[in-house]
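Structural overview
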Amino acid sequence: MSPAPFRLAAVLAASALALSACGSDDSSGGSGGGEDSSDGGGGSSSGVTVGIKYDQPGLGLKEGDSYSGMDVDVAKAVVTELGMSEDDITWKESPSAQRETLLETGQVDMVFATYSITDERKQKVQFAGPYFVAGQSLLVTSDSDITGTDSLDGKLLCSVTGSTSAPKVKEEVPGVQLQEYGTYSECVSQLANGTIDAVTTDDAILAGFANQSQYQDQLQVVGDTFSEERYGVGLPKDSDQCEEINGIVEGLWEDGTMEQIIADNLGDNYEMNEELNPPEFGGDCG
């Protein structure tokens, strides 16, 4: 994939100059935004609270005071285009089972957390985007005899409580034994320990785990994708920013920013489904 213009850095630099001119004394370091919100409150009038995953390498990962991943970079780009700065962001962990509640109770203003758009979820929240379309797949150990869903019968499969992944596999392979944990990192740890046979979720998430240094040559993604996971920006039901964010996301694809974000975070070995990306934008507001 050839390098594409990455306008985010330039925009952030301009924002930083503007803040400096206003006498900002923010001295936060390489975290790419504020600390995790501990009081449960949403964003203030001068900032925004963004929900992300903390345990998904390549997508949403917290290491010390630093936050990285595709979801993190897309959030920064969207927030910047909305007229704020990266320093205005307070990051808050948003596990799969809690995302709707965090939005409904005002603990976060928006969610970028591999948040698949579904009709059921749209009854409680609204979605801008999608900004990316992934596909469900399987992660197994390198010496596993599992090659796809057709070899899962009777196997112990792990997914995350509240995700869309588990019920989809259960429908496709009724004989699979399902084990659910609170986070994908727990699933992957159990896989590496030999406690379970496979992990299922989106191929982008699985590729991120397989590429971690401690799991290289130990874990592999297998089988064709068997779903379409449309990653949306989760917003409160009464938000008036949905259409504006749709326009921003479409612009990120048009100028190459989104492709650069994907390459930077998922690596050169990850091949996105070009039949599904760029996504069809809009249609999920309201």
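The notes below deal with the structure included here. These numbers were taken from a predicted model, which means no experiment stands behind them. (Residues numbered from 1 in each chain as written. Predicted model: local features only at pLDDT ≥ 70, side-chain atom pairs only at ≥ 80, totals over all residues. Heavy atoms only, no water.)

1. With respect to helix H6 (residues 184–193)
Of the residues making up H6, those classed as buried are Tyr-184, Cys-187, Val-188 and Leu-191. One side of H6 carries all its buried residues, which in axial view fall inside an arc of 95 degrees. Just downstream of H6, Gly-194 is the residue with a positive phi angle, here 85 degrees. (Buried < 20%, exposed > 50% of the residue type's maximum accessible area, 1.4 Å probe, protein only. Helix = DSSP H or I, 4+ residues; strand = E, 2+ residues; numbered from the N terminus. Arc of directions from axis to C-beta.)

2. Quick word on the environment of Gln-214
Relative to the elements of secondary structure, Gln-214 occurs in the loop between helix H7 (203–210) and strand E12 (219–222). Separated by 22 residues in sequence, Gln-214 and Ala-192 place their C-alpha atoms 9.8 Å apart.

3. Some details on the sheet that holds strand E2 (residues 55–56)
The antiparallel open sheet is built from 3 strands, whose spatial order is E2-E3-E4. This sheet does not close on itself; its edge strands, each paired only once, are E2 and strand E4 (66–68). The pairing of strand E3 (residues 60–63) with E4 spans 3 bridges and is classified as antiparallel. Residue pairing in the sheet places Lys-62 in a bridge with Tyr-67 of E4. (Pairing = 2+ DSSP bridges.)

4. Considering the packing of helix H2 (residues 70–81) against helix H8 (residues 242–254)
Put simply, H2 and H8 touch, their axes get as near as 10 Å, and they point 120 degrees apart. By the angle between their axes, H2 is oblique relative to H8. As for the relative orientation of H2 and H8, their crossing is right-handed in sense. Contacts between H2 and H8 involve Val-74, Ala-77, Val-78 and Glu-81 from the former and Ile-245, Ile-248, Val-249 and Leu-252 from the latter. Residues belonging to the contact of H2 with H8 are distributed by class as follows: 7 nonpolar, no polar and 1 charged. (Axes fitted to C-alpha atoms, helices over the stretch in contact; angles between N-to-C directions. Parallel < 35°, antiparallel > 145°, perpendicular 65-115°, else oblique. Left-handed = near helix turned anticlockwise from the far one by under 90°. Contact = heavy atoms within 4.5 Å. Nonpolar A, V, L, I, M, F, W, Y, C, P; charged D, E, K, R; others polar.)

5. With respect to the state of the cysteines
All told, the structure shown has 2 disulfides when counted by the stated rule. The disulfide partner of Cys-242 is Cys-285, and the S-S distance across this bridge is 2.0 Å. Where Cys-242 bonds to Cys-285 through sulfur, the torsion about that S-S bond is close to -85 degrees, and the disulfide is left-handed. Taken as a pair, Cys-242 in helix H8 and Cys-285 in the segment after helix H9 (257–266) lie far apart in primary sequence, 43 residues in all. Indicated for the protein chain is the disulfide connectivity 1-2, 3-4, based on numbering the bonded cysteines in sequence order. (Disulfide = S-S within 2.5 Å.)

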